Amino acid sequence: MPSTIRIAAALLIGRDGQTLLVRKRGTQAFMQPGGKIDAGEQPAQALARELHEELNLRIDPAAAIYLGKFCAPAANEPGFTVEAELFQVHIDVTVSPAAEIEEVRWIDPAGDGGLPLAPLTRDLILPFYRQSLSA
């Protein structure tokens, strides 16, 4: 379906248990870092490529833990659905915004960090992560 955007997204966890969210230039909502999966690309490879482009972050795709597929209304493309292949990645390095990323913010996943969140992050990914912490 053309109205579906397939992405690879990262639940990036820092050493203190906080999770990293990003905001693209010209948008309001914070979301998981990641991006569109190119034709013929494996989701973990797409994730590694996007994290490098967006955050100057190098990860080993094999070290990314697959968490599942999550679907929600797209934050920045009205009428579109985002279908995210979500991976958990633990990092212990400093990241800096690059490419189309204007701002990065570490938040306590128990809350929303006082930020406007994309539907996928707010309604699915953060609740999923909180549940995994309490399990």
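Every value quoted in this text rests on a predicted model; they were computed, and no experiment measured them.

Draft legend 1. Examining the UniProt feature "domain: Nudix hydrolase" (unreviewed entry) in the protein chain more closely. Under the feature "domain: Nudix hydrolase" (unreviewed entry), the UniProt entry names residues 4-130. Secondary structure content for residues 4-130 is 20% helix and 35% strand, and the end C-alpha separation is 26 Å.

Draft legend 2. Layout of the packing of aromatic side chains. Under the defined criterion, the tally for this structure stands at 2 aromatic pairs. Between the aromatic rings of phenylalanine 70 and phenylalanine 128, the centroid separation amounts to 5.1 Å while the plane-to-plane angle is 70 degrees, which identifies the pairing as edge-to-face. Residue phenylalanine 70 is found in strand β4 (residues 65-73), and its partner phenylalanine 128 is found in helix α2 (residues 119-134); the two are separated by 58 residues along the sequence. Residue phenylalanine 70 is classed as buried on the basis of its relative accessible area of 11%. On the basis of relative accessible area, phenylalanine 128 is assigned to the partly exposed category, the value being 29%.

Draft legend 3. Region of interest: the nonpolar core. Ranked by internal contacts, the top residues of the largest apolar core, which has 23 residues, are Leu12, Leu47, Leu51, Leu55, Leu57, Ile59 and Val89. Among the secondary structure elements, those contributing two or more residues to this core are β1 (4-13), β2 (19-24), α1 (43-55) and β5 (81-90). The dominant element in this core, judged by the number of residues it contributes, is α1, at 6 residues. Residues contacting leucine 51, with those up to four places away along its chain left out, are Ala10, Leu12, Pro33, Asn56, Leu57 and Ile59. Ile5, Leu11, Ala72 and Val82 belong to the second largest nonpolar core, which has 14 residues in total.

Draft legend 4. Region of interest: the pattern of salt bridges. The tally for this structure, following the rule as stated, stands at 13 salt bridges. Residue aspartate 38 pairs with arginine 49 through a salt bridge whose shortest N-O separation is 3.3 Å. Taken together, the positions of aspartate 38 in the loop between β3 (34-36) and α1 and arginine 49 in helix α1 put the pair 11 residues apart, joining distant regions of the chain. For aspartate 38, a relative accessible area of 41% corresponds to the partly exposed category. A cluster of three or more residues bridged by salt bridges with shared partners is formed by Asp38, Glu41, Arg49, Glu50 and Glu53.

Draft legend 5. How the structure looks around the environment of isoleucine 13. For isoleucine 13, the position within the fold is in strand β1. For the pair formed by isoleucine 13 and alanine 110, sequence separation is 97 residues and the distance between their alpha carbons is 13 Å. In contact with isoleucine 13, not counting residues within four places along its chain, are Gln18, Thr19, Gln88, Val89, His90, Ile91, Trp106 and Tyr129.

Draft legend 6. Inspection of the environment of arginine 105 at higher detail. Relative to the helices and strands, arginine 105 resides in strand β6 (residues 101-107). Remark: the alpha-carbon pair of arginine 105 and leucine 20, spanning 85 residues in sequence, is separated by 5.7 Å. Non-local contacts of arginine 105, meaning those with residues more than four positions away in its chain, are made with Thr19, Leu20, Leu21, Phe30 and Leu115. A distance of 2.5 Å separates a polar atom in the side chain of arginine 105 from a polar atom in the side chain of glutamate 103.

Draft legend 7. Just α2, in detail. Its 16 residues give α2 an end-to-end C-alpha distance of 22 Å, which sits within 8% of 22 Å, the value for a rise of 1.5 Å per residue. The sharpest bend along α2 reaches about 30 degrees and sits at isoleucine 125, with the proline proline 127 one to four residues further on. Inspection of α2 places Pro119, Leu120, Thr121, Ile125, Leu126 and Tyr129 among the buried residues, and these make up the whole buried set. Along its buried surface, α2 packs onto β1, β2, β4, β5 and β6.

Analysis parameters
- Along each chain, numbering runs from 1 in the same order as the chain's sequence is written.
- This being a predicted model, a pLDDT of at least 70 is required before a residue's local features are given, and a value of 80 or more before pairs of side-chain atoms are given or counted; all residues contribute to the totals for chains, interfaces and linings.
- Hydrogen atoms and water are omitted, and side-chain values are computed over all heavy atoms in the structure.
- UniProt positions are given in the numbering used here, feature names are shortened, and annotations may be inferred rather than shown by experiment.
- Numbered from the N terminus, helices here are DSSP runs of H or I no shorter than four residues, and strands are runs of E no shorter than two.
- In this scheme Phe, Tyr and Trp rings, the latter by its six-membered ring, pair at centre separations within 6.5 Å, and the angle between planes marks the pair as stacked below 30 degrees, edge-to-face above 60, and tilted otherwise.
- Each residue is assigned to one of three classes by its accessible area relative to the maximum for its type, calculated with a 1.4 Å probe on protein chains only: buried under 20%, partly exposed between the two thresholds, exposed over 50%.
- In this text, buried Ala, Val, Leu, Ile, Met, Phe, Trp, Tyr and Cys residues form a nonpolar core when linked through side-chain atoms within 4.5 Å.
- Any pair of residues with heavy atoms lying within 4.5 Å of one another is described as a contacting pair.
- Each reported salt bridge corresponds to a side-chain nitrogen of Lys or Arg within 4 Å of a carboxyl oxygen of Asp or Glu.
- Pairing of N or O atoms within 3.5 Å defines a polar contact, subject to two protein rules: one partner must be a possible hydrogen donor and the other a possible acceptor, and residues neighboring in sequence count only if both atoms are side-chain atoms.
- One fewer than the residue count of a helix, multiplied by 1.5 Å, yields its expected span.
- A residue's bend is simply the angle between two axes: one fitted to the seven residues ending at it, one to the seven starting at it.

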